[in-house]
Amino acid sequence: MCGIIGVAAQKGNVVPLIIGGLKRLEYRGYDSAGIAVVSGSTVSVRKGAGKIEHVVVAKGFEELNGSTGIGHTRWATHGAPNDINAHPHTDCTGSIAVVHNGIIKNYAELKEELVARGHRFSSETDTEVIAHLIEEELRRQGSFRHAFQEAVKRLEGSFAIAVLYSGEPDRIYFAKKDSPLVVGLGRGANFLASDIPAFLEHTRRVIVLRDGEAGWITSQEVHIENVYTGESVDVPGRVRTISWSPSMAAKGGYPHFMLKEIHEQPRALRDTFYGLSSDESLAKAAELLAGAERIYVTAAGTSFHAGLLFDYYMLRLAGRTVRAFIASEYEWFKGVPGRGDVLLAISQSGETMDTLKAVRLFKEHGARVIALSNVYESAIPRESGIAIYTRAGPEIGVAASKTFLTQALALLLLAGHAARISGRITRDEMAEIMSAASKANRLAQRAISVSEGVVRTVAKWFSKKGNAYILSRGIGVPIAMEGALKVKEISYIHAEAYPAGESKHGPIALIEPGFPVFFLLVDQHLKELKGNVMEMKARGATVVAVGPPRSEILSESDIHIPAPEAPPLLEPFTLTPPLQLLAYYTAVSLGYNPDKPRNLAKTVTVE
Ligand code: AGP
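In this text the structure is predicted, and so the values were computed from the model without any measurement.

For the rest of this paragraph, the subject is the sheet that holds strand 4 (residues 68-74). Read from one edge to the other, the open sheet built from eight strands follows the order 3-2-4-1-10-9-11-14, with strand pairing classed as antiparallel. Only two strands of the sheet have a single partner each, and these edge strands are strand 3 (42-49) and strand 14 (240-241). As paired strands, strand 11 (residues 205-208) and strand 14 are joined by two bridges and run antiparallel to one another. Looking at the pairing, Arg-205 lines up with Thr-241 of strand 14.

A separate point is the packing of aromatic side chains. As enumerated under the stated definition, the model contains 19 aromatic pairs in all. With centroids separated by 4.9 Å and ring planes inclined at 80°, the aromatic side chains of Tyr-584 and Tyr-585 adopt a geometry described as edge-to-face. Judged by its relative accessible area of 2%, Tyr-584 falls in the buried class. The residue whose ring lies beneath Arg-171 is Trp-216, and the NZ or CZ to ring-centre distance is 4.2 Å. Sitting over the face of the ring of Tyr-492, Arg-598 holds its NZ or CZ atom 3.8 Å from the ring centroid.

To find leftover empty space, a probe the size of one water molecule is rolled over the atoms. Space inside the largest pocket adds up to approximately 590 Å³. If you go around the largest pocket, you meet 28 residues; those closest to its centre are Ala-300, Gly-301, Thr-302, Lys-602 and Val-604. Mapped onto the lining of the largest pocket, the elements with two or more residues apiece are helix 10 (301-318), strand 17 (342-347), helix 11 (353-364), helix 13 (402-421) and helix 16 (476-491). Top element by residues in the lining of the largest pocket is helix 10. It accounts for five residues.

Moving on: empty space enclosed by the protein. For the coordinates displayed, the defined rule picks out three cavities of 30 Å³ or more. The space that makes up the largest cavity amounts to roughly 260 Å³. Lining the largest cavity we find 29 residues, and of these Ser-194, Asp-195, Ser-349, Glu-351 and Val-375 sit closest to its centre. Counting residues domain by domain, the lining of the largest cavity receives three or more from each of domain 1 (3-245) and domain 2 (257-438). By volume, the second largest cavity amounts to about 70 Å³. Lining of the second largest cavity is provided by Cys-2, Arg-74, Trp-75, Thr-77, His-78, His-87, His-100, Gly-102, Thr-125, Asp-126 and Thr-127. Taken together, the residues of the lining of the second largest cavity break down into two nonpolar, seven polar and two charged.

Right, let's get into the sheet that holds strand 20 (residues 467-472). Spatially, 21-20-22-23-24 is the arrangement adopted by the five strands of the open sheet, whose pairing is parallel. The open sheet has two edge strands, strand 21 (494-499) and strand 24 (559-562), and neither has a second partner. Put simply, the sheet's adjacent strands are angled 20° from each other on average, direction ignored. On the sheet, helix 16 packs against strand 20, strand 21 and strand 22 (516-520) and is oriented at approximately 175° with respect to strand 21.

Cis geometry is found at the peptide bond from His-87 to Pro-88, where omega equals 0°. The backbone of Glu-377 shows a phi angle near 60°, a positive value even though the residue is not glycine. When you line up the elements, Glu-377 lands in the loop between strand 18 (368-373) and helix 12 (379-383). Not every positive phi belongs to a glycine, and Asn-599 is a case in point at roughly 65°. By secondary structure assignment, the location of Asn-599 is in the segment after helix 19 (571-589). On the accessibility criterion, Asn-599 (62% relative accessible area) is exposed.

Reading the values: the criteria
Residues numbered from 1 in each chain as written. Predicted model: local features only at pLDDT ≥ 70, side-chain atom pairs only at ≥ 80, totals over all residues. Heavy atoms only, no water. Pairing = 2+ DSSP bridges. Helix = DSSP H or I, 4+ residues; strand = E, 2+ residues; numbered from the N terminus. Phe/Tyr/Trp six-rings, centres within 6.5 Å; stacked < 30°, edge-to-face > 60°. Buried < 20%, exposed > 50% of the residue type's maximum accessible area, 1.4 Å probe, protein only. Lys NZ or Arg CZ within 6 Å of the ring centre and 35° of its normal. 1 Å grid on protein atoms, 1.4 Å probe; cavity = no way out; pocket = protein on both sides within 12 Å on 5 of 7 lines; lining within 4 Å. Points joined across faces, edges and corners; volume = space filled by probe spheres on them. Domains from an automatic or database assignment. Nonpolar A, V, L, I, M, F, W, Y, C, P; charged D, E, K, R; others polar. Axes fitted to C-alpha atoms, helices over the stretch in contact; angles between N-to-C directions. Contact = heavy atoms within 4.5 Å.

See below:
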């Protein structure tokens, strides 16, 4: 939901750094983009609708020059994606420029008040009130720092803000609440951004800002304080050096980030396995689960599908039922959780607002919360009692791929440990689970190698279809749901996943000759799956079997996408990659950019 960047350099022109950063943040939104720099004592703004590559040229971003600047890539919430609504927004004098990620809930009241005081607005955005509010406060306060603080205190809602002011040309002011913002400490330049990859080429030394924090950066200085209490933050004490390398945030020779990230899964799984094998937080989380009265799991999108796998693993291994719910439906649970209950919140970004709201609700009721995320110190882990991290590295493609399988692996380990602590499985059985989990990376590698060639051909055929079902049973159902989400998100083909047995209760009505039905061959349910294949065949469906070569099913199928054999709990690692590749190659066949699907943003920080 919008990406922001700010660069304050000692010398030179920051425009190329801002453009580079915006390109890395484009996954957060790409309907318009803009930039502002201070040159001399003037703030210059260029902005427009469209993808960054296009806007940079069309609006002449590179004609600007300055050593302090801010940039924005937008995913529209208030106001259509057009040139005027693109950020940065300025005050009446044009000396204050603001970029913002989030939603200012009280913007209508603030706007009314400011208009009554004579401020002239040019956009339909909520963001523009921030520029005018600072301008208004500046008239009263005299000092920009205080004017900025007072303005921030009046904002309700979520915000990550970066502000330029012509009167202080070497500074970028910032504030953060409920939207991510990170400071990067470089040599001769400091950075602000919504996400680390934006400046990863220049520094790995970061401070992840917390809610309520505000301050400024110059090329030499970083000042942070709590805007509501005035308390200063010990900046050196908060600096962390992250292990991500710049190449992790680059395409590495692949045509798209998504393909690179699919191929990176074996590496991501290996790192996650070894990272979590001796992780104290995982052990603590498992203990909490083992002693929990009731267990809930919540998430959105892909992370929810991982949550369903957790449900499966907990039932199979620990004999515990887990109530899985879509995070945006958290209000169902008002008044429900108690002190003995545990919520597991899964979010690769750690910033999804729906999931964060669910976490807050459960905490208010006294429940304990465990977070599983891919982003260190992001909002959800920070607000949870225990945080576990996958080691997928930065995921730039908007459609999640490597983060799903690393979540699945972390959840298998978590369920295994919870089962062991509660005495449900023996030490030897746990050792078997660990040994199987240690092979997840190899299984994913084989799945990619054996399926990719076939999938390329199948994708050409599939790209001409308008609908599909992806069916399976047991552990295959969450995998099918994830596959259907991938197909919808990036190839825009309508795909639905169902438990195969459920299809005859309604969905089968849509089947007509040539309708594609994919079956994920999970070993425990082959007999029943065969029955479902026959039902579909009898109605003329084109059956695509995905999985190991099971002759009883292949004899009834039209197409086979191969996948390797896998032990029962590890089927997500062999059956997911072929579906990810199918979505990817179908999107490419149709001429779509899989990294930037329409209408989507990678991190959804609005409700
Ligand atoms: C996945 O491909 C999606 N883009 C989306 O469904 C995503 O999984 C969802 O928004 C949740 O994100 P999170 O894991 O960062 O919370």
